[in-house]
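# A closer look at the structure
Each chain, written out:
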Amino acid sequence: MEIRTITPAYAVSPQITPEDVPALAEAGYKVIICNRPDSEVGPDENAAAVRAAAEAAGLAFHDNPVVNGALTEDNVTTQGKVLSEAGGPVFAYCRSGTRCTIVWALSQAEHASPDDLIETAGRAGYDIAGLRPQLEMMGKRGITRT
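Below you will find a few notes about this structure. (Residues numbered from 1 in each chain as written. Predicted model: local features only at pLDDT ≥ 70, side-chain atom pairs only at ≥ 80, totals over all residues. Heavy atoms only, no water.)

### Description of the pairing of strand β5 (residues 90-93)
Residues Val90 and Ala92 of β5 are buried on one face, and the alternating residues Phe91 and Tyr93, pointing to the opposite face, are buried as well. As paired strands, strand β2 (residues 10-13) and β5 are joined by four bridges and run parallel to one another. When the sheet's bridge partners are listed, Ala11 is paired in β5 with Phe91. Examined bridge by bridge, strand β3 (residues 31-34) and β5 share four bridges and lie parallel to one another. Counterpart to Ile32 in the pairing with β5 is Phe91. (Buried < 20%, exposed > 50% of the residue type's maximum accessible area, 1.4 Å probe, protein only. Helix = DSSP H or I, 4+ residues; strand = E, 2+ residues; numbered from the N terminus. Pairing = 2+ DSSP bridges.)

### Brief notes about the side chain of Asn35
Relative to the assigned elements, Asn35 resides in the loop between β3 and α2 (47-56). A relative accessible area of 0% means that Asn35 is categorised as buried. Within the structure, Asn35 has its side chain in polar contact with the backbone oxygen of Asn64 (distance 2.9 Å). A polar contact is formed between the side chain of Asn35 and the side chain of Gln79, at a distance of 2.9 Å. The residues contacting Asn35, other than those within four sequence positions of it, are Tyr10, Asn64, Pro65, Val66, Gln79, Ala92, Tyr93, Cys94, Cys100 and Val103. (Polar contact = N/O pair within 3.5 Å; in protein donor to acceptor, adjacent residues only side chain to side chain. Contact = heavy atoms within 4.5 Å.)

Rendered as structure tokens:
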């Protein structure tokens, strides 16, 4: 498992297995977000399998699948809501960690500048500079979190 810390409260990685979950609990994560659709993985790595392991380890689990190339405003709103209500460090995963980073950045656009978000993602190895127009737009209009 390759964990990349985005912020002290948020980390991402490529796909995990149920066997990885105890290490996440030991590392202090309180919440797991799955940003990978089940259609991309087999039954041993689908959201239900990881959810069962997370719940067994005492972690909250949220399924927020981001279809590659079809990110929705609901994905962004859901990610932001989970982050704001987590009560501790959040770990998110997808195929490579990129979608988790993108949806995080968009969900934080009303709280941080595009430069800060792009720089923060870059330190973790994710180049999201191409999102600048979307980050600027989301920051200007704000996203209502429900």
